[in-house]
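Residue strings, one per chain:
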Amino acid sequence: MKILVINAGSSSLKYQLFNMTDEIVLAKGVCDRIGLDGSMVKHTSGENEQIIIEKSMKNHADAIAAVVEVLTDKDIGVISNMSEIQAVGHRVVHGGENFSGSVVITADVKAAIEKCIDLAPLHNPPNLTGINACEEIMPGVPQVAVFDTAFHQTMPASAYMYAIPHELYVKYKIRKYGFHGTSHKYVVERAAKMLGKPIEELKIITLHLGNGSSVAAVKHGKSVNTSMGFTPLAGVVMGTRSGMLDPAIIKFLMQKENMTVDQVDDMLNKKSGVLGVSGVSSDFRDLCKAADDGNDRAALALDMFVASVKRYIGSYAMIMGGVDAVVFTAGIGENTPTIREAIMKETEFLGAGIDDAKNNSSRGVEIDISAANAKVRTLVIPTNEELMIASDTENLVG
Ligand code: ADP
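Draft legend 1. Structural detail: the site of the ligand. For the ligand, the full set of nearby residues is Gly210, Asn211, Gly212, Ser282, Asp283, Phe284, Arg285, Ala330, Gly331, Ile332, Asn335 and Thr336. Measuring from an oxygen atom of the ligand, one finds a side-chain N or O atom of Asn211 at 2.9 Å. One nitrogen or oxygen atom from the main chain of Gly331 is found 2.8 Å from an oxygen atom belonging to the ligand. Contact with the protein chains hides 64% of the accessible area of the ligand, taken as 570 Å² for the molecule alone. Elements with a minimum of two residues in the shell around the ligand: α10 (284–292) and α12 (330–335). Here the shell around the ligand is built from residues that sort into three nonpolar, seven polar and two charged.

Okay, here's the thing in structure tokens:
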């Protein structure tokens, strides 16, 4: 079965075409600058080099049409006809409390996604536009929605409720939702395979550490807590997001700096995190280099990031009554041995600990980096949200 995976943002649209018989990516790419001057498709077929095709794309429907065109191109295409695409899987950021799993898209599903726009104003509108564009261009082809929030819908109320007046939950559905669910789910399933145990017997802490970072406590295959909250601003220190902070700081800043609520929101989302602390960069490669060169604020930012992740590992081991494995994934988790080492330092009391040689040798591959005698395993597992979306889509329509 050939499945197209779509991740639509406001001015970009990422795509991957899978052949699910052997889970191979036939082609992938991104439509950039949709609705802007200089829009282009960056496309890669199979193992070939990326090519850039300048293409006017006024909206997401134009982008989907461009994707179909390049996939079926007589020279660089990987399918001969659009009808070979048997289903489309869409990443949708917010499913609110409505979806605890992926679903085939119907008019009711679209209405429910629309209702969640208040909760994800930057993400759900382009996600919906992508769905509508596919329906228009590929009528009759089944479409599936895979939600970032769905995996965390198993959290108990004690984990997802905030200690604010209950009426606010009833009125606005203010609660913890959690994000990166597709990634946490994917790595936890891979971890169970690597450990050779049924997922129902395992307690796993998954660390998705990228530009946005989140930690999840996954007990017996179900998310029981996660660090992001009502929005992806909460939790650990991130590239440009503050993560957890005392909410009283917001009022203080508004008064002292004469900031509007939007300015504070912008500052906490885009100018904080390791970028704000270091003044150097949000990118961990730059930060590690600056810290190595003696930049104290870059070193402080890295220490704060590490400490914030450690705080969740400790807390989630306690919440689950133990832990069998800690999993590192995403850009930083997969590629930065020094950060993995710092996070797992002095975790022997938990029964964890890593093997330095294995940790340093591993970049971007699935590997168990635990110390030989560690009871709690430490795994590195490259995430693959697109494959998860494709496989959910196949399961629902196959
Ligand atoms: P996003 O949340 O945008 O998907 P990623 O998961 O790609 O983010 O993570 C980006 C972070 O991973 C950056 O801070 C980057 O420095 C870090 N990183 C470290 N090494 C690498 C690498 N070899 N390739 C990509 N990202 C890396």
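Draft legend 2. Molecular detail of the side chain of Asn225. Residue placement: Asn225 occurs in strand β11 (residues 222–226). Taking the relative accessible area as the measure of exposure, Asn225 reaches 8% and is therefore buried. In this structure the side chain of Asn225 is engaged in a polar contact, spanning 2.8 Å, whose partner is the side chain of Lys176. Discounting chain neighbours no more than four positions away, the residues touching Asn225 are Met155, Ala159, Lys176, Val215, Ala216, Ala217, Tyr316 and Ile319.

Draft legend 3. The arrangement of the nonpolar core in detail. Core analysis: the biggest nonpolar cluster contains 44 residues, and Leu207, Phe305, Val309 and Ile343 have the highest contact counts within it. Listed by contribution, the elements that provide at least two residues to this core are β9 (203–209), β10 (213–219), α10, α11 (296–320), β12 (325–329) and α13 (337–344). Broken down by element, this core gets its largest block of residues, 11 residues, from α11. Each of two domains, domain 1 (2–147) and domain 2 (197–380), supplies a minimum of three residues to this core. In terms of nonpolar packing, the next biggest core, distinct from the first, is built from 27 residues, Ala27, Ile79, Val88 and Cys134 among them.

Draft legend 4. Region of interest: the packing of aromatic side chains. Enumeration over the complete set of coordinates arrives at five aromatic pairs. Taking the centre distance of 6.5 Å and the plane angle of 40 degrees together, the rings of Tyr160 and Tyr169 count as tilted. Between the aromatic rings of Tyr312 and Tyr316, the centroid separation amounts to 5.6 Å while the plane-to-plane angle is 55 degrees, which identifies the pairing as tilted. In this pair, Tyr312 and Tyr316 are both assigned in helix α11, four residues apart and thus about one turn of the helix distant. With a relative accessible area of 11%, Tyr312 lands in the buried category. Above the ring of Tyr169, the side-chain terminus of Lys173 is found at 4.8 Å from the ring centroid. The cationic tip of Arg175 hangs over the ring face of Tyr160; the distance from NZ or CZ to the ring centre is 3.6 Å.

Draft legend 5. Main features of unusual backbone geometry. Positive phi values are uncommon outside glycine, yet Arg33 reaches one of about 60 degrees. Along the polypeptide, Arg33 turns up in the loop between β3 (24–32) and β4 (40–45). Positive phi, close to 55 degrees, is recorded for Asn258, a residue that is not glycine. Here Asn258 is to be found in the loop between α7 (248–256) and α8 (261–270).

Draft legend 6. Representation of the packing of helix α2 (residues 107–115) against helix α3 (residues 124–137) within the structure. Put simply, α2 and α3 touch, their axes get as near as 9 Å, and they point 160 degrees apart. In terms of axis orientation, α2 runs roughly antiparallel to α3. The chirality of how α2 crosses α3 is left-handed. Note on element contacts: α3 touches α2 through Asn124, Leu128, Ile131, Asn132 and Glu135, opposite Lys110, Ile113 and Glu114. Of the residues in the contact of α2 with α3, the class split is three nonpolar, two polar and three charged.

Draft legend 7. Main features of the sheet that holds β3. Spatial ordering of the open sheet is given by β5-β4-β3-β2-β1-β6-β8-β7, a layout of eight strands whose pairing is mixed. The strands lining the two open edges of the sheet, one partner per strand, are β5 (51–54) and β7 (103–104). Here strand β1 (residues 2–8) pairs with strand β2 (residues 13–19) via seven bridges, running antiparallel. Residue Asn7 lies in a different strand from β2, and its bridge partner there is Lys14. The strands touched by helix α15 (residues 385–397) within the sheet are β1, β2, β6 (87–92), β7 and β8 (143–147), with β6 carrying the most contacts at an inclination of about 130 degrees.

What counts as what
- Residues numbered from 1 in each chain as written.
- Predicted model: local features only at pLDDT ≥ 70, side-chain atom pairs only at ≥ 80, totals over all residues.
- Heavy atoms only, no water.
- Near = heavy atom within 4 Å.
- Polar contact = N/O pair within 3.5 Å; in protein donor to acceptor, adjacent residues only side chain to side chain.
- Areas by Shrake-Rupley, 256 points an atom, 1.4 Å probe, with all protein chains shown as cover.
- Helix = DSSP H or I, 4+ residues; strand = E, 2+ residues; numbered from the N terminus.
- Nonpolar A, V, L, I, M, F, W, Y, C, P; charged D, E, K, R; others polar.
- Buried < 20%, exposed > 50% of the residue type's maximum accessible area, 1.4 Å probe, protein only.
- Contact = heavy atoms within 4.5 Å.
- Core = buried A, V, L, I, M, F, W, Y, C linked by side-chain atoms within 4.5 Å.
- Domains from an automatic or database assignment.
- Phe/Tyr/Trp six-rings, centres within 6.5 Å; stacked < 30°, edge-to-face > 60°.
- Lys NZ or Arg CZ within 6 Å of the ring centre and 35° of its normal.
- Axes fitted to C-alpha atoms, helices over the stretch in contact; angles between N-to-C directions.
- Parallel < 35°, antiparallel > 145°, perpendicular 65-115°, else oblique.
- Left-handed = near helix turned anticlockwise from the far one by under 90°.
- Pairing = 2+ DSSP bridges.

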